Amino acid sequence: MFWLSLLFAIGFALIHYFSGNLIHVRETPRSRFLSLAGGVAVAYVFLHLLPELNEYQEQLEGHLEDGLFASVENHILVVSMIGLAAFYGLERLATQMSRRGSGSVFWIHMALFVFYNFSIGYVLAESAFDNAWTMTLYFFALGIHFITVDQGLRHHHKAMYDREGRLLLSLSVLAGWGVGAFSALDELTLSIIVAFLAGGIILNVMKEELPEERDSSFRAFAVGLVGYSLLLLAI
């Protein structure tokens, strides 16, 4: 499925670059599309990514037979939790620096999401998808999630994001796909990246959906969550 993964990697890059023109979304009250996208992303994480971590758990245990971490059960979920905490910590740092008027907040956000997108591209190329359908579901869930991410970054950084940020994120997902497609990193590395990514996705969805001032649409969120869950379970 090399060529399909390349097509989807290019699709991810195009979504990032042109997301501002793909669909009209508003911030307050929140566009129903963004709430629906959040529901889809949450369904994908809990019904596909997290169950997949159970397989990676066995691989990780083989590398952690000794040492402090070996006594911790569910190691891979700990990595996912660390991913969520890391994204949250960097988001808080960026918010505090923004309040102080620091110009470096844009680059903190970019570094965070360059790694985020690189990981998504890497997993697209490196994961052993069962078939073309499962890869398509991955592309669909994270493709519309990218629109939510772009909207949040555009809100914070406005013209600077459109001028520089969207290009960086588009290139980072392609770079991640390139590393995954043409390198032979071990399964342990892949398992850690997937777990870290799952934590980041959960944090980013909740960050965009939960604040009261967003006036999010729970109905649209629920439609995305339930509809995509049924699709995953059916396939």
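Every chain is numbered on its own, with residues counted from 1 as its sequence reads. Only residues with pLDDT of 70 or above have their local features reported here, since the model is predicted, and side-chain atom pairs are shown and tallied only from 80 upward, although totals for entire chains, interfaces and linings are computed over all residues. Note that the side-chain values use all heavy atoms of the structure and ignore hydrogens as well as water.

As annotated in an unreviewed UniProt entry, the protein carries the name Zinc/iron permease and is attributed to Exiguobacterium alkaliphilum.

A.B. asks: Describe the overall build of the protein, naming the residues involved and giving the relevant values.
C.D. replies: Per the convention used, a helix needs a DSSP run of H or I reaching at least four residues, while a strand needs a run of E reaching at least two, with both numbered from the N terminus. Along the backbone of the protein there are eight helices and zero strands. In the protein, the succession of α and β elements from N to C terminus is α-α-α-α-α-α-α-α. Between buried and exposed lies partly exposed: a residue is buried under 20% and exposed over 50% of the maximum accessible area for its type, with that area taken using a 1.4 Å probe on protein chains only. Put simply, the protein has 235 residues, and 49% of those count as buried. By the convention used here, residues are in contact when the closest approach between their heavy atoms is within 4.5 Å. At a minimum sequence separation of 6, the contacts of the protein that also span at least 24 residues come to 81%.

A.B. asks: Report on empty space enclosed by the protein, specifying residues and quantitative values.
C.D. replies: A cavity here means a set of 1 Å grid points, computed over protein atoms only, where a 1.4 Å probe fits but cannot escape. A pocket is an open set with protein on both sides within 12 Å along at least 5 of 7 lines, and lining residues have an atom within 4 Å of a point. Grid points are joined across faces, edges and corners, and a volume is the space filled by probe spheres set on the points. Within this structure, the stated rule accounts for two cavities of 30 Å³ or more. A volume near 30 Å³ is recorded for the second largest cavity. Around the second largest cavity, the lining residues are Ala 41, Val 42, Val 45, Phe 46, Ile 201, Ile 202 and Met 206. Breaking the lining of the second largest cavity down by element, the ones donating at least two residues are α2 (32-61) and α7 (187-209). Considering each element in turn, the lining of the second largest cavity owes the most residues, four residues, to α2. All amino acids are sorted into three groups, where Ala, Val, Leu, Ile, Met, Phe, Trp, Tyr, Cys and Pro are nonpolar, Asp, Glu, Lys and Arg are charged, and the leftover types, Gly among them, are polar. A per-class count over the lining of the second largest cavity returns seven nonpolar, no polar and no charged.

A.B. asks: If you had to explain the UniProt feature "transmembrane region" (unreviewed entry) in the protein to someone new, which residues and values would you point to?
C.D. replies: UniProt positions are given in the numbering used here, feature names are shortened, and annotations may be inferred rather than shown by experiment. UniProt's feature table lists "transmembrane region" (unreviewed entry) at residues 6-25, 32-50, 75-94, 106-125, 131-153, 165-182, 188-206 and 218-234, given in the numbering used throughout. Secondary structure content for residues 32-50 is 100% helix and 0% strand, while the C-alpha to C-alpha distance between its ends is 26 Å. Across residues 188-206, the secondary structure splits into 100% helix and 0% strand, with the terminal C-alpha atoms separated by 28 Å.

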